[in-house]
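Listed here are the chains, written in short residue letters.
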Amino acid sequence: MDNRQIVMSQVMLPNQANVAGNVHGGEIMKFMDTAAGAVAMKYSKSNCVTARVDELEFHLPIFVGALVTCTATVVYVGRTSMEVFVNVEVEDLESNSGPQKALSAYFTMVAMGRNGKPQAVRDYIPQTDEEIKMHEEAKIRIEAHKEKKKRLSK
């Protein structure tokens with residue numbers, strides 16, 4: 001999927017978990033943010049910062065020794081920002097259960113110029129049915145966020 005997607009995997013280590021072996025949610029969020037930032041930088045060819053993250057809901061616990069894979073995909077591009085969908089799968093490497101969806105979220109990443117100000121990002125035109133669907137859903141989310149922001153600023 002050209003420069004719009006990146007896949008990163010990591011085995012979870014004891015220093016990323018509590019005494020019961022559950023990986024801290026913040027460790028997973030950081031990994032997701034790293035993947036979102038990497039794909040945004042790859043797409044925009046510039047430094048990128050996180051502007052917003054939508055709701056994170058964990059569907060499965062993640063334990064020490066599990067392989068966690070983040071797939072980050074640019075699904076929408078505005079003038080200076082990109083919406084990146086990050087899907088997280090977890091796999092117990094000591095069983096044959098295969099990867100399972102642990103959580104997902106949308107990250108809004110802003111391209112930054114060397115002057116420290118947001119810079120324009122090249123357009124993105126979805127091609128496949130799935131890309132078009134995700135792009136249209138992103139438009140709805142972005143408009144809803146703008147409306148919410150307007151209401152809260154009054």
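Reading guide: rules and limits
- Residues numbered from 1 in each chain as written.
- Predicted model: local features only at pLDDT ≥ 70, side-chain atom pairs only at ≥ 80, totals over all residues.
- Heavy atoms only, no water.
- Patch = residues over 30% accessible without salt bridge, like charges linked within 9 Å, V, L, I, M, F, W, Y side chains within 5 Å.
- Areas by Shrake-Rupley, 256 points an atom, 1.4 Å probe, with all protein chains shown as cover.
- Salt bridge = Lys/Arg side-chain N within 4 Å of Asp/Glu carboxyl O.
- Helix = DSSP H or I, 4+ residues; strand = E, 2+ residues; numbered from the N terminus.
- Buried < 20%, exposed > 50% of the residue type's maximum accessible area, 1.4 Å probe, protein only.
- Phe/Tyr/Trp six-rings, centres within 6.5 Å; stacked < 30°, edge-to-face > 60°.
- Lys NZ or Arg CZ within 6 Å of the ring centre and 35° of its normal.
- pLDDT = per-residue confidence, 0-100.

Chemist: Quick question: what am I supposed to make of a nonpolar patch on the surface here?
Modeler: Residues Val11, Leu13 and Leu93 make up a contiguous nonpolar surface patch of roughly 250 Å² in combined accessible area. Mapped onto the secondary structure, leucine 93 falls in the loop between strand 4 (81-91) and strand 5 (100-112). For leucine 93, a relative accessible area of 47% gives the class partly exposed.

Chemist: Please explain the packing of aromatic side chains as it appears in this structure.
Modeler: Think of a pair of aromatic rings as described by two things: how far the centres are apart, and how the planes are tilted against each other in angle. On inspection of all chains with the given rule, the structure shows one aromatic pair. Relative to tyrosine 106, the ring of phenylalanine 85 lies with its centre 5.0 Å away and its plane at 45°, an arrangement referred to as tilted. One end of the pair, phenylalanine 85, is in strand 4; the other, tyrosine 106, is in strand 5, and 21 residues separate them in sequence. Note on accessibility: phenylalanine 85 and tyrosine 106 belong to one class, buried. Positioned above the aromatic ring of tyrosine 43 is the side chain of arginine 122, whose terminal nitrogen or guanidinium carbon lies 4.0 Å from the ring centre. Positioned above the aromatic ring of tyrosine 106, the side-chain terminus of arginine 141 is 3.5 Å from the ring centre.

Chemist: So what exactly am I meant to see when it comes to the confidence of the model for the protein here?
Modeler: Reading fine detail from the predicted coordinates is not recommended where pLDDT is low. For the protein, per-residue confidence averages 94 on the pLDDT scale, and residues scoring 70 or more make up 99% of the total. Considering each helix and strand of the protein separately, the mean pLDDT is smallest for helix 2 (residues 129-152), with a value of 91, and largest for strand 3 (residues 67-77), with 98.

Chemist: How do you make sense of the pattern of salt bridges when you look at a structure like this?
Modeler: Side-chain pairing between opposite charges can occur once the charged atoms of the two side chains come close. What the rule picks out here adds up to six salt bridges. The partner of lysine 133 in a salt bridge is glutamate 137, with the nearest N and O atoms 3.5 Å apart. Here lysine 133 pairs with glutamate 137, and both are found in helix 2, just four residues apart, close to one helical turn. Relative accessible area serves as the criterion here: at 46%, lysine 133 is assigned to the partly exposed category. In this structure, glutamate 147 engages lysine 150 in a salt bridge whose closest nitrogen and oxygen atoms are separated by 3.5 Å. One end of the pair, glutamate 147, and the other, lysine 150, are both in helix 2, three residues apart, so they sit about a helical turn from each other.

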